[in-house]
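Listed below, chain by chain, are the residues.
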Amino acid sequence: MLKIAVGHSNDPDSLEAVNEVLEQCQNSLSGEIPQAGILFAAFDFDHELILHRINEVFPNIELIGGTTDGELSSVLEFQLDSITLMLFCADDIEIRAAVGRDVSKDPFAIAQQTIETAKQAISAPLKFCIATPESITTNSSAILNGLKSGLGSIPVFGGATAAQRNGTSDYQFFKTEVLSDSVPILLFAGNVLFSHGIAGGWHPIGKRGVVTKVEGNTVYEIDSRPALEFYQYYFDTFATDAAYPLAVFPPGEDKFFLRGSPTYDPELGSLRTSGEIPLNSVVQIAEAEQADILAASRTAFDRAWETYPGQEPAAALIFSCCWRRWILGSRISQEYEDIARSLHQKLEICGFYTYGEIAPMQENGQSFFHNITFVTLLLGNR
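This write-up is about the structure you can find in this document. Since this is a predicted model, take the numbers as computed values, not measurements.

### Notes on the packing of aromatic side chains
Right, so step 1: Across all of its chains, the model carries 13 aromatic pairs by this definition.
Right, so step 2: Arranged with centres 6.5 Å apart and planes meeting at 80°, the rings of F40 and F319 form a pair that is edge-to-face. Highlighted residues: F40 in strand β2 (residues 36-41) and F319 in strand β22 (residues 315-321), separated in sequence by 279 residues. Both residues of the pair, F40 and F319, count as buried.

### What to know about the sheet that holds strand β4 (residues 71-73)
Right, so step 1: Strand order in the open sheet made by the 6 strands is β5-β4-β23-β22-β26-β13, with mixed pairing throughout. The sheet terminates laterally at β5 (77-79) and β13 (193-199), the two strands that pair on one side only. Along the sheet, successive strands turn relative to each other by an average axial angle of 15°, direction set aside.
Right, so step 2: Pairing analysis gives 7 bridges linking β13 to strand β26 (residues 374-380), with the strands arranged antiparallel. Counted as the bridge partner of S195 is L378 from β26.
Right, so step 3: Strands in contact with helix α6 (residues 290-307) are β13, β22 and β26; relative to β13, the strand with the most contacts, it is inclined by about 150°.

### Focus on the environment of Y308
Right, so step 1: With respect to the secondary-structure elements, Y308 resides in the loop between α6 and β22.
Right, so step 2: Between the C-alpha atom of Y308 and that of S195, which follows or precedes it by 113 residues, the distance is 4.9 Å.
Right, so step 3: Ignoring any residue separated from it by four or fewer positions in sequence, one finds Y308 in contact with L193, F194, S195, P313, L378, L379, G380 and N381.

### Things to note about the nonpolar core
One recurring pattern in soluble globular proteins is that nonpolar side chains are buried together.
Right, so step 1: Of all hydrophobic cores here, the largest spans 48 residues; its most connected members are F88, I130, F188, L246 and L317.
Right, so step 2: Setting aside anything within four residues of it in sequence, one finds F88 in contact with K3, I4, P34, Q35, A36, G37, I38, I95, F188 and L379.
Right, so step 3: Among the nonpolar cores identified, the runner-up in size contains 31 residues, and A286, F301, I339 and F374 belong to it.

### A few points about helix α4 (residues 140-151)
Right, so step 1: Helix length check: α4, at 12 residues, gives a terminal C-alpha distance of 17 Å against a target of 16 Å (1.5 Å per residue), a fit within 8%.
Right, so step 2: Of all the 12 residues making up α4, 10 are buried; the element is thus mostly covered by neighbouring parts of the structure.
Right, so step 3: Those residues of α4 lying buried are S140, S141, A142, I143, L144, G146, L147, K148, G150 and L151.
Right, so step 4: Positive backbone phi, approximately 70°, marks G152, located one or two places after α4.

### Some words on the pattern of salt bridges
Right, so step 1: Under the counting rule described, the total for this entry stands at 12 salt bridges.
Right, so step 2: Residues R325 and D69 are paired through a salt bridge, measuring 2.7 Å at the closest nitrogen-oxygen approach. Linking R325 in helix α7 (residues 322-328) with D69 in the loop between β3 (62-67) and β4, this pair joins segments that are 256 residues apart in sequence.
Right, so step 3: In this structure, E177 and R101 form a salt bridge, with 2.9 Å as the shortest nitrogen-oxygen distance. With E177 in strand β11 (residues 177-179) and R101 in strand β7 (residues 93-101), the pair connects residues that are 76 residues apart, well separated along the chain.
Right, so step 4: The partly exposed category is assigned to E177, whose relative accessible area is 29%.
Right, so step 5: The partly exposed category is assigned to R101, whose relative accessible area is 40%.

### Quick notes on the packing of helix α1 (residues 14-29) against helix α2 (residues 47-57)
Right, so step 1: Between α1 and α2, whose axes approach to 9 Å, the crossing angle comes to 35°. Crossing of α1 over α2 shows right-handed handedness. In this structure, α1 uses S14, L15, V18, N19, L22 and Q26 to contact α2, whose residues at the interface are L49, I50, R53, I54 and V57.
Right, so step 2: Across the contact of α1 with α2, the residue classes break down as 7 nonpolar, 3 polar and 1 charged.

### Considering the sheet that holds strand β25 (residues 367-370)
Right, so step 1: Here we have 6 strands laid out as an open sheet, ordered β7-β12-β8-β9-β24-β25, and mixed in their pairing. What marks the edges here is a single partner per strand, and that holds for β7 and β25. The sheet shows a mean angle of 20° between the axes of neighbouring strands, direction not considered.
Right, so step 2: Here strand β24 (residues 357-360) runs beside β25; their pairing, made up of 4 bridges, is antiparallel. Paired with A359 across the strands is F368, a residue of β25.
Right, so step 3: Running over the sheet, α4 touches β8 (126-131), β9 (156-159), β12 (182-190), β24 and β25 and is turned about 165° from β25.

### Considerations on the pairing of β8
Right, so step 1: Inspection of the sheet shows β8 paired to β12 by 5 bridges, in the antiparallel sense. Bridge pairing in β12 links I130 to L186.
Right, so step 2: Relative to β9, β8 runs parallel, the two sharing 3 bridges. The partner of I130 across the bridge, within β9, is F157.
Right, so step 3: This β-α-β element, β8 to α4 to β9, shows right-handed connectivity.

Here is what the cut-offs are and how they apply
- Residues numbered from 1 in each chain as written.
- Predicted model: local features only at pLDDT ≥ 70, side-chain atom pairs only at ≥ 80, totals over all residues.
- Heavy atoms only, no water.
- Phe/Tyr/Trp six-rings, centres within 6.5 Å; stacked < 30°, edge-to-face > 60°.
- Helix = DSSP H or I, 4+ residues; strand = E, 2+ residues; numbered from the N terminus.
- Buried < 20%, exposed > 50% of the residue type's maximum accessible area, 1.4 Å probe, protein only.
- Pairing = 2+ DSSP bridges.
- Axes fitted to C-alpha atoms, helices over the stretch in contact; angles between N-to-C directions.
- Contact = heavy atoms within 4.5 Å.
- Core = buried A, V, L, I, M, F, W, Y, C linked by side-chain atoms within 4.5 Å.
- Expected span 1.5 Å × (residues − 1).
- Salt bridge = Lys/Arg side-chain N within 4 Å of Asp/Glu carboxyl O.
- Left-handed = near helix turned anticlockwise from the far one by under 90°.
- Nonpolar A, V, L, I, M, F, W, Y, C, P; charged D, E, K, R; others polar.
- Right-handed = clockwise from strand over helix to strand, strands pointing away.

Structure representation (structure tokens):
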């Protein structure tokens, strides 16, 4: 039987916050001992103290997580400057953590080896992976490709860790360690059920183009012309805008993911995007109203609920993009509130605002790295 507990505190004192979170979780668990957990924490906390305190209460717990640009849960809903923890208890589900260090040296190979390390400790059939990778100094798409290589058809979910007010560093958590330049993962195996839904709210508009020259996160040419001209066709300015991302249709896919382009080079006419775009992808400019963005969070949740393979899920993990928070401004709390109002049962919910989201674009599809997207992952067992 799967039992999940969530704690959430906005106390500014690190020790008081983690003690409050642990007390909430212990009350929900009623004496059961969790085998694994995920911690999401704002940037300014004493993360080492928090991780060691969790390990004191639950020794050797398989724990991952990272820093955020906002946190949410079924306890305190949307918050800034808080910590939230989800714990997993199950006697028929295997959950194992692993971490890849110095991942920027070789993102693909290190991520792939991280999967292999975690798989060695698992005997049951694999079901899915949750990852909270580095996001600022490393190619997140290359990390994801390495994870997928190690997993085969097993899907990956999660979000890239964030920095909030500090754009130069983010942190990842693995057991009692506070890391940077790493990729922590949790592998789930055995009698676990899951479903997911994603939505952004943006709609492709105007002409389509084909990415004809790209290197890493830099798009040099669309339709064999400088990539920036693709934006200039619609906007009388050199500047790209987070409110108008690219809708990217990868080769062989009929659905698109969103890719933001926060910086550009006016001399080269290139775009620096928040994640790779595969060569020969079809792209379009995308636009959205605030109402569309808000509606997308409920759409993602409803899609996960409609495809859940069991009777009732036990919990939901949510990964939403920091750009959504910035664009929605004071309305950001509605993302969670709209979901909460739709619930007719108790559901443990935990999540964070990311620097990029990870999920398949459709059921049984391969996982992609997204921007400006809302991802819901529902969990339960038979």
